[in-house]
Amino acid sequence: MWRTWIRNETLHQRLLAVALVFAVALAFAPVSGFQFIQLDDPKHIVENPNLNPPALIKLPAIWKDSYFGMYIPVTYTLWGLTAIFTNIGRYPAVYDPKLYHSLNAIVHLVNVLLLFSILLALSRSTLAAFFGSLFFAWHPVQIESVAWVSSLKDLLCTTFSLLCLSFLLRWESTKCTRWKYYFIGLLSFTLALLSKPSAVMVPVCAAGVLWLFRSTPKKTLAIRLGPWLLLAAPIAYVTKVAQPYTAGLQIAPWWQRPYIALDALGFYVSKLLLPIRLSMDYGRTPHWVLSHLSPYVFVLLVFVAAVIYYREHLGPIPRALLLALLALLPVLGFVPFLFQIFSTVADRYLYFPLALLSIGLTLFLKNQRSRSIWALGGCAIVALGALSREHLPTWQDGIRIFEHSVRITPQSVLASNNLGVEYQVRGRFKEAAESFSRAVELDPKRYDLYGNLGAALVASGNTREGIKKLLFAESNGALPSIVLYNLGRAYLRLGQYENARKYAAEALELEPDTPRVQELYRVTHKSGG
């Protein structure tokens, strides 16, 4: 596909593609110096027994079973290959966060160029396609996906989703006679699902693009793309099994979920139009939203009314908004999902929907003859790029992003808890205990937080009080492997070797492949005779 594109497109288009490469580098090159964030990054890569130590022989295990509550074998395979090829001749393995951050930036660049080719095919307007791609590349809500290593799954899912759409456009342009494009599109959809299961809506969104912007008959699309949804069923089932709802997830009754979805949509509208005060977590859990009067519902109603009133002037933008809505359906709260323990909304959920919005923006600009509109659009996109560069440094390490998140959303349990984790990793135990205490105050029924608080108290020297918190967490069934591990360490510190051995053995039974648990087991069984 790329060889054909390079050969057939004009010099003007190729130069703008090069300009997009420089634009992405200008905005996101600093991420190559960022650190891992303790929220998920180490668990996905450094502590993953399928990746540490890295070996090709381990890769099939990634495809066999889910890990860390997710079945995303394509994403884990890319991480695994990165670990293997950057550790040839090294022992023990080194996991340099700069490499994994650079990988995210490269995949984002690939997505920008893929989108540019799609926008060219849909609009036949080089400049409009460039502006649409730049909007996708530079919008500040993209920062979370690019700057957080764990969001590689969102990036890869979008890569294969855009490939799927690209090949379906080729298939449609040949009047549905070149079936190889259809089947390559199907393969791309499958890989998108295996990168992140929320790609289940890709066939619906692709059908919407072909129907709304290429006038492909609805009957043809239903017959040819409808069966693709059946492909997603087994993967959705595996995901459902891999992500059981925990006690911390308060599932709202079905009749309250539309309100949660309206709040989420209004929130996304506000962040798209005014991308300020961005955070890793917004603390908008279903319980929090239902217990507060949401201003975002009002924002959404005003926005919808404005779109309807000005629909004749907006051209294809309302249709693109509808497609973005379809892409967001799995994460609006109609069907509960695990991250709702912390928040229904997250910036990374907008990554693929923003590509669909770029289609509407591109086709809108294509039909504009007013230089003032083009100038206004250009200034707005430059402003988005400037905001992205201003916000990007907050993602440099876990301390910065979670201190920022606590300032933006003080009600966020996730931000307070993970700020404590970042402090603890750096040996700042008293500050860690303070952050965990704040998280417990925000949600006293999240018993795993007591386990974190207990571990911080033990590390800060308040061992007996820490053990009380850990035992309280254990008695309420909170993350037993972590709590048992920390109890073993705490009793070892007190010299109570029998208790230390007991909890180390129980932790090892739950996590036999975790190196730190293995080490604790060895130490406790060598201590005290």
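A quick note: this is a predicted structure, and the numbers were derived from the prediction, not measured. (Residues numbered from 1 in each chain as written. Predicted model: local features only at pLDDT ≥ 70, side-chain atom pairs only at ≥ 80, totals over all residues. Heavy atoms only, no water.)

**Structural notes on the overall build of the protein chain**
The criterion, for reference: Secondary structure is summarised from DSSP: a helix means a run of H or I of at least four residues, a strand means a run of E of at least two, and numbering begins at the N terminus for each. Here the globule rule is a power law, 2.2 Å times the number of residues to the power 0.38, and the radius of gyration is based on C-alpha atoms. Relative accessibility decides the category of a residue: with a 1.4 Å probe and only protein chains considered, values under 20% of the type maximum give buried, values over 50% give exposed, and everything between is partly exposed. The contact definition used throughout considers only heavy atoms, calling two residues in contact when any of these lie within 4.5 Å.
The helix and strand tally for the protein chain stands at 28 helices and zero strands. Against the 2.2 N^0.38 benchmark of 24 Å for 529 residues, the protein chain shows a C-alpha radius of gyration of 24 Å, consistent with a compact globule. Here the C-alpha coordinates of the protein chain stretch approximately 80 × 55 × 40 Å along the principal axes. Per-residue burial for the protein chain yields a buried fraction of 53% across its 529 residues. By sequence separation, contacts in the protein chain at least 24 residues apart represent 72% of the contacts at least 6 residues apart.

**Quick look at the environment of L56**
Topologically, L56 is positioned in the loop between α3 (41–44) and α4 (59–64). Placed 25 residues apart in sequence, L56 and L81 show a C-alpha to C-alpha distance of 7.8 Å.

**A short note on empty space enclosed by the protein**
Keep this limit in mind: Using a grid of 1 Å spacing that covers the protein atoms alone, one calls a set of points a cavity when a 1.4 Å probe fits there but cannot get out, and a pocket when the set is open and has protein on both sides within 12 Å along at least five of seven lines; lining residues are those with an atom within 4 Å of a point. Grid points are joined across faces, edges and corners, and a volume is the space filled by probe spheres set on the points. All amino acids are sorted into three groups, where Ala, Val, Leu, Ile, Met, Phe, Trp, Tyr, Cys and Pro are nonpolar, Asp, Glu, Lys and Arg are charged, and the leftover types, Gly among them, are polar.
Scanning the model with the defined rule gives five cavities of 30 Å³ or more in all. By volume, the largest cavity is sized at about 210 Å³. Sorting the residues of the lining of the largest cavity by element identifies α9 (152–173), α11 (202–214) and α19 (351–366) as the ones contributing at least two each. Of all the elements, α9 adds the most residues to the lining of the largest cavity, at four residues. Residues of the lining of the largest cavity, tallied by class, amount to 12 nonpolar, three polar and three charged.

**Examining unusual backbone geometry**
Omega for the peptide link from N52 to P53 comes to -5°, which places this bond in the cis form. Positionally, P53 belongs in the loop between α3 and α4. In the Ramachandran plot, D40 falls in the positive-phi region, its phi being about 80° despite a non-glycine side chain. In this fold, D40 is placed in the loop between α2 (11–28) and α3. Judged by its relative accessible area of 21%, D40 is partly exposed. Despite not being glycine, R277 has its phi angle at roughly 55°, a positive value. Structurally, the position occupied by R277 is in the loop between α14 (257–273) and α15 (286–290).

**Describing a nonpolar patch on the surface**
Here is the rule we go by: Within this analysis, patches are made of residues with over 30% relative accessible area and no salt bridge. Like charges are joined at 9 Å or less; nonpolar side chains (Val, Leu, Ile, Met, Phe, Trp, Tyr) at 5 Å or less. Only the protein chains shown count as cover for residues, and all accessible areas are computed by the Shrake-Rupley method using a 1.4 Å probe. By definition, a salt bridge exists where a carboxyl oxygen of Asp or Glu is found within 4 Å of a side-chain nitrogen of Lys or Arg.
Nonpolar side chains collect at one region of the surface, where L273, L274 and I276 lie side by side and expose about 300 Å² of accessible area between them. Positionally, L274 belongs in the loop between α14 and α15.

**Structural notes on the nonpolar core**
Using the following cut-off: By nonpolar core is meant a set of buried Ala, Val, Leu, Ile, Met, Phe, Trp, Tyr and Cys residues that side-chain atoms within 4.5 Å join together.
Of all hydrophobic cores here, the largest spans 164 residues; its most connected members are W79, L168, Y268, I359 and W395. Every residue in contact with Y268, bar those within four places of it in the chain, is listed here: L328, L332, T344, V345, A346, Y349 and L350.

**Remarks on the layout of surface pockets**
For the second largest pocket, the calculated volume is near 1200 Å³. For the second largest pocket, the lining is made up of 37 residues, of which L273, F303, I317, L321 and L357 are closest to its centre. Put simply, the parts of the chain that give the lining of the second largest pocket at least two residues each are α14, α16 (295–309), α18 (317–328), α19 and α20 (371–391). With eight residues, the single largest contributor to the lining of the second largest pocket is α18.

**Considerations on the side chain of E172**
Which entries qualify depends on this criterion: What qualifies as a polar contact is a pair of N or O atoms within 3.5 Å, subject to a donor-acceptor requirement within protein and to the restriction that residues adjacent in sequence count only when both atoms come from side chains.
Structurally, E172 is set in helix α9. Polar side-chain contacts of E172 include one of 3.1 Å to the side chain of R214. Not counting chain neighbours up to four residues away, the residues in contact with E172 comprise L210, R214 and T216.

**Quick notes on the environment of L392**
Note that L392 resides in the loop between α20 and α21 (398–408). Between the alpha carbons of L392 and V146 there is a distance of 9.7 Å; along the sequence they are 246 residues apart. Apart from the residues within four sequence positions on either side, L392 is in contact with A27, F28, P30, V31, F34, I143 and A147.

**Details of the environment of I408**
Secondary-structure assignment places I408 in helix α21. On the basis of relative accessibility, which here comes to 16%, the residue I408 falls in the buried class. Taking C-alpha positions, I408 is 6.7 Å from S279, a pair spaced 129 residues apart along the chain. Apart from the residues lying within four places of it in its own chain, the contact partners of I408 are R277, L278 and S279.

**Description of the packing of helix α6 (residues 97–123) against helix α7 (residues 126–138)**
The criterion, for reference: Axes here refer to lines fitted to C-alpha atoms; in helices the fit is confined to the stretch in contact. Angles between the N-to-C directions go from 0 to 180 degrees. Two helices that cross are described as forming a left-handed crossing if the nearer one is turned anticlockwise from the farther one by less than a right angle, and a right-handed crossing if clockwise.
Running from N to C, α6 and α7 cross one another at 150°; their axes reach a closest spacing of 8 Å. Of the two possible hands of crossing, α6 and α7 adopt the one that is right-handed. Of the residues in α7, those touching α6 at H108, N111, V112, L115, F116, L119, L120 and S123 are T126, A129, F130, G132, S133, F136 and A137. Classifying every residue of the contact of α6 with α7 gives nine nonpolar, six polar and no charged.

**Concerning the packing of aromatic side chains**
Definition in use: Working definition: a ring pair exists when centres of Phe, Tyr or Trp rings (six-membered ring for Trp) sit within 6.5 Å. Plane angles under 30 degrees give stacked, over 60 give edge-to-face, the rest tilted.
Counting across every chain of the model gives 26 aromatic pairs. Aromatic pair Y67 and F68: ring centres 6.2 Å apart, planes at 40°, arrangement tilted. The exposure class assigned to Y67 is buried, which follows from its relative accessible area of 15%. Its relative accessible area of 33% is what places F68 among the partly exposed residues.

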